[in-house]
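Structural overview
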Amino acid sequence: MRYFTLKEANDVVKELRPLLKPVVEAVRRWDSLSEAELRELENQIQWLLRAAESEGFIIRDLGNGIVDFPALTKDGQLVYLCWKVDEPEVMFYHGPEGFRGRRRIRPELFA
């Protein structure tokens, strides 16, 4: 498993945002998409999932644009740096409890 630093996660976010945002918007209006749009959306989703697998991040929720980046705290605890597509950068993390346990990143935790 790859572990990300906060800087590495934010570097991925810069590239991922313009690719993920239109997919999230399309997923949110799923019922109104034409057959051709659905096929294109499926292709985009497959591409994003392959990219996530090869790069080591996790797309948790396409409808809300939630992405997790495995990371280790300073004391070696596994956590996930958590980003939503409408957030400017990675500002939260959580443990195994998932999104509902998101907490604001404190730099000293990862220094």
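The following paragraphs examine the structure supplied in this document. (Residues numbered from 1 in each chain as written. Predicted model: local features only at pLDDT ≥ 70, side-chain atom pairs only at ≥ 80, totals over all residues. Heavy atoms only, no water.)

1. As for the packing of helix α1 (residues 6-28) against helix α2 (residues 35-55)
Between α1 and α2, the least distance of the axes is 10 Å, while the angle of their chain directions is 140 degrees. Between α1 and α2, the interaxial angle falls into the category oblique. Relative to α2, α1 is oriented so that their crossing is left-handed. Residues L16, L19, L20, V23, A26 and V27 of α1 form the contact with α2, whose participating residues are L41, Q44, I45, W47 and L48. (Axes fitted to C-alpha atoms, helices over the stretch in contact; angles between N-to-C directions. Helix = DSSP H or I, 4+ residues; strand = E, 2+ residues; numbered from the N terminus. Parallel < 35°, antiparallel > 145°, perpendicular 65-115°, else oblique. Left-handed = near helix turned anticlockwise from the far one by under 90°. Contact = heavy atoms within 4.5 Å.)

2. Notes on the environment of G98
Structurally, the position occupied by G98 is in the loop between β4 (92-94) and β5 (103-104). Residue G98 is classed as buried on the basis of its relative accessible area of 16%. Considered as a pair, G98 and D68 are 30 residues apart in the sequence and their alpha carbons are 9.4 Å apart. (Buried < 20%, exposed > 50% of the residue type's maximum accessible area, 1.4 Å probe, protein only.)

3. As for the pairing of strand β3 (residues 78-84)
Within β3, 5 of the 7 residues are buried, which leaves the element mostly enclosed by the surrounding structure. In this structure, β3 lies alongside β4, joined through 3 bridges in antiparallel fashion. In the strand pairing of β4, C82 is matched with F92. (Pairing = 2+ DSSP bridges.)

4. Side note on the pairing of strand β2 (residues 66-72)
Along β2, 6 of the 7 residues are buried, which leaves the element largely enclosed by surrounding structure. Here strand β1 (residues 58-61) pairs with β2 via 3 bridges, running antiparallel. Bridging from a neighbouring strand, D61 pairs with I66 of β2. The loop that links β1 with its antiparallel partner β2 comprises 4 residues; one of these, G65, has a positive phi angle of about 65 degrees. Examined bridge by bridge, β2 and β3 share 7 bridges and lie antiparallel to one another. Residue pairing in the sheet places A71 in a bridge with V79 of β3. Counted along the chain from β2 to the antiparallel partner β3, the turn is 5 residues long, and its residue G76 has a positive phi close to 90 degrees.

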